Amino acid sequence: MLELGKTAPNYHNALGQRLSSLNIDAVFGVGIMSEHTVKTYRNLGKGSFAEMFESVKDVVPVLGSFIEHGDSILIKGSNSINLQNIKAQLRETFGRLTA
């Protein structure tokens, strides 16, 4: 959502609010703008894991300790931080992925 300019923090905060209302196990933020999402989620969340990471390469090993066979994950991010590469890095680290 970096392309949103000055309004990006507001949208990231709104995402954190929405995530806090859902039954999810963890939130992994990658990149500077995701800090708004993670902080809002932490403030409103129900004790679920929420952590910030500077890059895709930093988050992949941590994801490995959370993801189990059969889990569904949503990866939301910006191409400006190369988040589109996360699927390839997860596949390289953990094997076959679907979708």
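One can find the structure itself at the top, above this paragraph.
For clarity, every value in this text was computed on a predicted model and none was experimentally measured.

Rules used in this analysis
Residues numbered from 1 in each chain as written. Predicted model: local features only at pLDDT ≥ 70, side-chain atom pairs only at ≥ 80, totals over all residues. Heavy atoms only, no water. Helix = DSSP H or I, 4+ residues; strand = E, 2+ residues; numbered from the N terminus. Rg over C-alpha atoms; globule rule 2.2 N^0.38 Å. Buried < 20%, exposed > 50% of the residue type's maximum accessible area, 1.4 Å probe, protein only. Contact = heavy atoms within 4.5 Å. Areas by Shrake-Rupley, 256 points an atom, 1.4 Å probe, with all protein chains shown as cover. Lys, Arg positive; Asp, Glu negative; His and termini not counted. Charge placed at Lys NZ, Arg CZ, Asp CG, Glu CD. Axes fitted to C-alpha atoms, helices over the stretch in contact; angles between N-to-C directions. Parallel < 35°, antiparallel > 145°, perpendicular 65-115°, else oblique. Left-handed = near helix turned anticlockwise from the far one by under 90°. Expected span 1.5 Å × (residues − 1). Arc of directions from axis to C-beta. Nonpolar A, V, L, I, M, F, W, Y, C, P; charged D, E, K, R; others polar.

A. View of the overall build of the protein chain. Scanning the protein chain from terminus to terminus reveals four helices and two strands. Mapped from its N terminus to its C terminus, the protein chain presents α and β elements in the order α-β-α-β-α-α. Radius of gyration (C-alpha) of the protein chain: 13 Å, near the 13 Å computed for a compact globule of 99 residues. The principal-axis extent of the C-alpha atoms belonging to the protein chain is close to 35 × 30 × 20 Å. In the protein chain, buried positions account for 26% of the 99 residues. Long-range contacts, defined here as pairs at least 24 residues apart, represent 47% of the contacts in the protein chain between residues at least 6 apart. Carbon and sulfur atoms make up 51% of the accessible area of the protein chain, which amounts to about 6800 Å² in all. Side chains of the protein chain carry 10 positive and 9 negative charges; the gap between the two charge centres is 7 Å.

B. Looking closely at the packing of helix α3 (residues 56-64) against helix α4 (residues 86-94). Running from N to C, α3 and α4 point in directions that differ by 45 degrees, and their axes come no closer than 10 Å. In terms of orientation, α3 lies oblique with respect to α4. The interaxial crossing formed by α3 with α4 has right-handed handedness. For the pair α3 and α4, the contacting residues are Val56, Lys57, Val59, Val60, Leu63 and Gly64 in the first and Ile86, Gln89, Leu90, Thr93 and Phe94 in the second.

C. Representation of helix α1 (residues 8-20). When the terminal C-alpha atoms of α1 are compared, their 19 Å separation across 13 residues agrees well with the 18 Å that a helix rising 1.5 Å per residue should span. If you check which residues of α1 are buried, you get Ala8, His12, Gly16, Leu19 and Ser20. The arc that holds every buried residue of α1, seen down its axis, measures 115 degrees, which confines them to one face. Exposed side of α1, more than 90 degrees from the buried face: Asn10 and Arg18 are the residues found there. Turning to α1, the residues buried within the fold contact β1 (26-30) and α2 (34-44).

D. Layout of the packing of α1 against α2. Interaxial distance between α1 and α2 falls to 7 Å at its minimum, and their mutual angle equals 35 degrees. The handedness of the crossing between α1 and α2 comes out as right-handed. Taken together, the residues of α2 that come into contact with α1 (itself represented by Pro9, His12, Asn13, Leu15, Gly16, Gln17, Leu19 and Ser20) are Ser34, His36, Thr37, Thr40, Tyr41 and Leu44. A per-class count over the contact of α1 with α2 returns five nonpolar, nine polar and no charged.

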